[in-house]
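Coordinate analysis (summary)
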Amino acid sequence: MKILFDCRYTRFERHDGISRFTSGLVGALAKLTPVTMIIFDKRQLSLLPDLPWVMGPSPTAVTEPLVSRRFNRFEPDVVFTPMQTMGPFGRRFGLVTTVHDLIYYENRTPPRDLAWPIRLLWRLYHLSWGPQRALLGRADAHATVSETTRDLMLRHHLTKHPITVVSNAVDPSIVGRDTSPGRDLVYMGSFMPYKNVEFLARSMVLLPGYTLHLLSRADEATVRRLTQLAPLGSLRFHQGVSDEEYAQILSTAIALVTASLNEGFGLPLVEAMAGGTPVAVSDIPIFREIGGDAAVYFDPSDSESFAATIRGLESSEEWSRRSVLSVERAGHYSWDNSARALLEALTAVNEERLARRSR
């Protein structure tokens, strides 16, 4: 079986979520079976495993709806893409696409780093389920990163094709905890409205002596807005951190926190738990799935609930218990496990296509 893995969403210098998913999964899959990567810029190779590769167009090019015609020349049996937007028209191979979440059907503000034409198309695409159903209907099968998202896809009848859970996993380079906790809280994520970071800032008034570390880059307007909501000196904006800095900050924190109202997975939870840092998170289904009995949960509309949850970790016995549970829980998520699930899905698609040809 000749597999092409779409790595065109890999960043050039430092991973984001999709980029890290791509790199971790393709590397683990290559341990199980031969795989060839698709890139569009050789600079992407610096963040990818040392594997065979071919060149394709940028995934944001206007030719993307017809990109399968370009990939036909490589004669793959099946192509896997970590997104659902790869153009399926004219393909002569099996296609497995990925749905990470359905957040933007409820929160329709597009990611701010996209160009305005793409932001416009993004918003139009999410006005109804129809475009999603049409696009998914042209693939052979789908991956998604959580049971929660899989259940939502089934509930909204987005596809009749098989859906396989291929989870995110932790990057081993950022795990490890050397010290006992202080009074630092860590938030890793964007500042989109559904992330509910304003709630965290407002709630800091109930946690004197604590510092909330906001690790991702924030624009000036966001910094001003959050600073005005929180007590003086209770927020620290890092404006982006390296993996090493991320690990160091987590290693001294009492907890990673997020008050998000909607997620497709929650990779920062697994990253923190793998290093023994407990997570205090909003009580939503996806976080219950990821955090299980290791996480502690609060009402993301109630600051008293948030503060009480954090104070519950001040007991050294309770914090240590949650730390041990966190490491155990994170062990459920590995790229090797995800690669095995993906290979089963790719094999099933290829076998079904072969069976149809022989009928």
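Above this text is the structure in question.
Here the structure is a predicted model, which means the values were calculated and not measured.

**A closer look at the overall build of the protein chain**
Across its full length, the protein chain holds 13 helices and 13 strands. Computed over its C-alpha atoms, the radius of gyration of the protein chain comes to 21 Å, within 12% of the 21 Å expected for a compact globule of 359 residues. The proportion of buried residues among the 359 residues of the protein chain is 54%. Across the protein chain, every contact between residues at least 6 apart in sequence was considered, and the portion connecting residues at least 24 apart equals 63%. When the accessible area of the protein chain is evaluated, it comes to approximately 16200 Å², of which 53% is carbon and sulfur surface. Counting 40 positive and 39 negative side-chain charges, the protein chain places the centres of these two groups 8 Å from one another.

**So, the nonpolar core**
Of all hydrophobic cores here, the largest spans 55 residues; its most connected members are Phe-5, Leu-25 and Phe-80. Contact partners of Phe-5, with chain neighbours within four places excluded, come to Thr-22, Leu-25, Val-26, Leu-29, Val-35, Thr-36, Met-37, Ile-38, Phe-80 and Leu-342. Among the nonpolar cores identified, the runner-up in size contains 28 residues, and Ala-230, Ala-259, Leu-313 and Trp-319 belong to it.

**Examining the packing of aromatic side chains**
Taken as a whole and judged by the stated rule, the model has 9 aromatic pairs. Judged by centre distance (6.0 Å) and plane angle (10 degrees), the rings of Phe-199 and Phe-298 are stacked. One end of the pair, Phe-199, is in helix α6 (residues 197–203); the other, Phe-298, is in strand β13 (residues 296–298), and 99 residues separate them in sequence. Each member of the pair, Phe-199 together with Phe-298, is buried. Members of the aromatic cluster, joined through ring pairs, are Phe-199, Phe-298 and Phe-306.

**Concerning the pairing of strand β9 (residues 211–214)**
Sheet topology note: the strand β8 (residues 184–187)/β9 ladder contains 4 bridges and is parallel. In the strand pairing of β9, Asp-184 is matched with Thr-211. Looking at chain direction, β9 and strand β10 (residues 235–237) are connected through 3 bridges and run parallel. Across the sheet, residue Leu-212 finds its bridge partner in β10, namely Leu-235. With helix α7 (residues 220–229) bridging β9 and its parallel neighbour β10, the resulting β-α-β unit is right-handed.

**Here's the deal with the sheet that holds β8**
Ordered by their spatial adjacency, 6 strands build an open sheet running β10-β9-β8-β11-β12-β13, and the pairing between neighbours is parallel. The open sheet terminates on both sides in strands that have one partner only, identified here as β10 and β13. The mean inter-strand angle of the sheet, taken between neighbouring strand axes irrespective of direction, is 25 degrees.

**Some points on the pairing of β8**
As for the winding sense of the linkage, the β-α-β connection from β8 through α6 to β9 is right-handed. Pairing of β8 with strand β11 (residues 255–258), which is carried by 2 bridges, proceeds in the parallel orientation. Considered in β11, the bridge of Val-186 is made with Leu-256.

**What about a nonpolar patch on the surface?**
On the surface, a nonpolar cluster with roughly 400 Å² of combined accessible area is contributed by Leu-120, Leu-121, Leu-124 and Leu-127. Along the polypeptide, Leu-120 turns up in helix α3 (residues 116–125). The class for Leu-120 is partly exposed, based on a relative accessible area of 44%.

**As for the sheet that holds strand β4 (residues 78–80)**
Sheet architecture is open: 7 strands sit in the order β3-β2-β1-β4-β5-β6-β7, paired in parallel fashion. With partners counted over all chains shown, the strands left at the sheet margins are β3 (53–55) and β7 (163–165), one partner each. Adjacent strand axes in the sheet meet at a mean angle of 25 degrees when their direction is disregarded. The sheet contacts of helix α5 (residues 147–155) involve β5 (94–99), β6 (141–144) and β7, and relative to β7 the element is tilted by about 165 degrees.

What counts and how
- The written sequence of each chain sets the order in which its residues are numbered from 1.
- Note on the predicted model: pLDDT of at least 70 is required for a residue's local features to be given, and 80 or more for side-chain atom pairs to be given and counted; whole-chain, interface and lining totals, by contrast, use all residues.
- Note that water and hydrogens are dropped before the side-chain values are worked out from all heavy atoms of the structure.
- Helix and strand assignments follow DSSP, with helices taken as H or I runs no shorter than four residues and strands as E runs no shorter than two, numbered in order from the N terminus.
- Atoms counted for the radius of gyration: C-alpha only. Globule rule: 2.2 Å times residue count to the power 0.38.
- Accessible area is worked out with a 1.4 Å probe on protein chains only. A residue is then buried under 20% of its type maximum, exposed over 50%, and partly exposed in between.
- Any two residues whose heavy atoms approach within 4.5 Å at even a single point are treated as in contact.
- For accessible areas, the Shrake-Rupley method is used with a probe of radius 1.4 Å. Any residue's cover is judged against the shown protein chains and nothing else.
- In summary, the charge assignment counts Lys and Arg as positive and Asp and Glu as negative, without counting His or the chain termini.
- The atoms used to mark charge sites are NZ of Lys, CZ of Arg, CG of Asp and CD of Glu.
- The term nonpolar core refers to a set of buried residues drawn from Ala, Val, Leu, Ile, Met, Phe, Trp, Tyr and Cys, joined through side-chain atoms within 4.5 Å.
- Ring pairs shown here join Phe, Tyr and Trp side chains whose ring centres sit within 6.5 Å, with only the six-membered ring taken for Trp; geometry is labelled stacked below 30 degrees between planes, edge-to-face above 60, and tilted in between.
- Between any two strands, at least two bridges found by DSSP are needed for them to pair.
- When the strands point away from the viewer, a crossover counts as right-handed if the route from the first strand across the helix to the second turns clockwise.
- Lines are fitted to the C-alpha atoms to define the axes, a helix being fitted only along its stretch in contact, and any angle between axes, read from their N-to-C directions, falls within 0 to 180 degrees.
- Patch definition: residues above 30% relative accessible area lacking any salt bridge, with like charges linked at up to 9 Å and the nonpolar side chains Val, Leu, Ile, Met, Phe, Trp and Tyr linked at up to 5 Å.
- Salt bridges are defined by distance alone: a side-chain nitrogen of Lys or Arg within 4 Å of a carboxyl oxygen of Asp or Glu.

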